[in-house]
Structure formats: C-alpha cells, structure tokens
Amino acid sequence: MKETFINPDTNPTGIEVSVIVPNYNYARYLPQRIESILNQSYTGFELILLDDASTDNSVTVFEQYKENPHITAIIVNEKNTGSPFCQWMKGIEQAKGKYIWIAEADDSAAPSFLKTCMELIYRHPDAAICYVGSHSMDGEGNINPHDINHWKKESYHQEYAYFDGKLFAEHNLYWRNYLINASGILFRKEDALKLKDSPFLQFRYCGDWLFWFQIAMQGGGIIEIYKKLNYFRQHNNKLTTTSRRLGGGFAEDIKVVHYMEQALPHLDKYKKRLRHGMLYRKIKRLSAGQETKEQLFQLLSDELHADKADYRLERRNQILRLFLPSLTTWRRDRL
C-alpha cells in the first residue's frame, strides 16, 4: 500500500461522520462524487479517499482535492486487492467518526443526505444503521423513473420507520438485501470494527448483504427514511449483472442464507423451506448452462439441505397465499 497523503493536522473534534470513497477506475465520475460530498449541508465529516490501483487518472483527480480541509487521507494501493469490501474495512479502520458513509465512487448524493440522516440518528442514538431511498441513474447520469426502493405502499406516507436490528435481520434481510446501495447508508463504526474477521471480506458479490446482516444482529436500531436522497449509478452493461444471470454470485447467496440460518437457529421450518425453494427457483431460471446449475443445486443441498421438494412448496405457496391471508410469505413476513 502506498499512502500518498495523510493529513496529520486534522482535528478530530467535530467529526461525527467519516466518509469513505473506495475507487477503482472511476475517474470520470469522481468530481461529481466528491463535490456531492463536499456540498453537504451537514459539515461534521471527514473524507477519506481510497484508490485500489486504478489504471486511469483517478489519483490525479483525488490530488486536486488534497488541500480541502475535509480530506484527512488519500490512500493508494500499489496492487489491486480485487475486493471492494477489503477497501471498506481499510477505510473503516482509518476513520475518526462515530458513523461511516461508504460513498461509492460512481454514485452521488443530494446535499441534504447527511443532515437528514444525522437528525434522525440524534433522535435515535442507539441506531446502528440509517438509510435513505435511492434514485437509479445510468452511466450518463440520466435518472431512471422506475422506483428501485423496496418500500411498503404505506411507507410513502411516512417520514421514516424505526426497527429493532435483530428483528430487521430476521424478517427483512433474511429474504433479500433491502439495503440496496451502500452510498445511501450510514452505520456505526464500532459495530463494523467487530467484523474485521468476517467472511464478508472474502465475498465478491454479496459481501454487503452479509455485512448489513451482521451489523443488524448486534442489536442496534435500523432507521429507514422514505426520501430519495441517494443517486445509485447502474451501468447498462454492468459486468456483475451479466455474471449473476450466468450463475456468478448465486453460490454466495446460498452461503449468506446458510450463515443467517446459523445465526437465527429459532427460524420456523416452513419459513426456511420457503426461502430454500426461492433459491431453487432462481437457479432453475438462470441463463447458465446445466452443469453450472447442477453445481449450484448440489451446493444448495450441501449447505441448506434443500431439494426440489422445497421448490414445490414455494410454488404451492404462491397459489395458497391468495386464499390464506395468514400464510407466511416473504412480503408478509417483512417488517
């Protein structure tokens, strides 16, 4: 690791939030990203810039901001780690703030993002995670009118909701990663530092999902804000999206669910079988070849003891839910 700049004169007094920008070859988006941070109406933050051995002019862009008083570190890796989540942890360990904002290099934020989150965190000081809604934008910055937020219909008439972390993990995160983009989230540093040896650091696709689950399971509250204050860039030819359609990442999905079930041993058997059936269905629908599917089915069996019977149960559930209002479904189970 090559540390190009560490500001020794930064006064930690007044720093409540450490903003971490992990970057790899996103020089073209960095000015918009960094300006959207520096223009926040809430100013009690430091900014840590991380580069994972980019081959474009990212470091040159970083150094243009070197003298800004919010910048406390610019850290450049000599060799690419291949892991965004290792970069997350590097920034977290460097941070001085009580709360962390992972501001992904190709995203952006409304000027009121930090202020809105911090006002609610001050109202709920035991909150471990606070997150907002997101706009989806393409590589050129055009906003997609499709709503990508997984909110309940009644949520659109509320300012925010507050949940117990462990219940949120069991009833929401077990089914899917409702925290869709790190750039729209603040979380407590002390909780994250307990995960320095977590398997999330070895994941490529689903590390964030496991990370949020592990933080929520530590027991703090979860604040869900029903305002779209984050701009989540989703590239048209995103490599990870194509890879997942062909099977990449589904092995990690299975491993995350396995970890969750180990952490939640009291889960209802029907709920677990329904979850396993959902995984089985997704594998069946993959664009991958039959050999890849068979490998994933075998992993599903090895890790979760799941089989085609769980898939049939999940399919029956889709029909019976129309006639049995009390039947467990993932939508009904969520908080």
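Look up: the structure comes first, before these words.
Read on for a plain summary of the structure. (Residues numbered from 1 in each chain as written. Predicted model: local features only at pLDDT ≥ 70, side-chain atom pairs only at ≥ 80, totals over all residues. Heavy atoms only, no water.)

**Considering the pattern of salt bridges**
Counting across every chain of the model gives eight salt bridges. Linking Asp-147 and Lys-228 is a salt bridge whose minimum nitrogen-to-oxygen distance equals 3.6 Å. Remark: Lys-228 occurs in strand 11 (residues 221-233) and Asp-147 occurs in the loop between strand 8 (143-144) and strand 9 (160-164); sequence separation between them is 81 residues. Close ionic contact of Glu-314 with Arg-315 constitutes a salt bridge, the shortest N to O distance being 2.8 Å. Assessed through its relative accessible area of 28%, Arg-315 is described here as partly exposed. What emerges from the salt-bridge pattern is a single network uniting Arg-281, Glu-314 and Arg-315. (Salt bridge = Lys/Arg side-chain N within 4 Å of Asp/Glu carboxyl O. Helix = DSSP H or I, 4+ residues; strand = E, 2+ residues; numbered from the N terminus. Buried < 20%, exposed > 50% of the residue type's maximum accessible area, 1.4 Å probe, protein only.)

**Thoughts on unusual backbone geometry**
The phi dihedral of Asn-25 falls on the positive side, at around 60°, and the residue is not glycine. Counting through the fold element by element, Asn-25 comes out in the loop between strand 2 (17-23) and helix 1 (30-38).

**Observations concerning helix 5 (residues 165-173)**
Count 3.6 residues to each turn of an α-helix, and residues three or four apart come out pointing the same way. Across the nine residues that make up helix 5, a large majority, seven, are buried. Two or three places before Lys-166, at the start of helix 5, stands the capping residue Asp-164, its side-chain oxygen 3.1 Å from that residue's backbone nitrogen. (Polar contact = N/O pair within 3.5 Å; in protein donor to acceptor, adjacent residues only side chain to side chain.)

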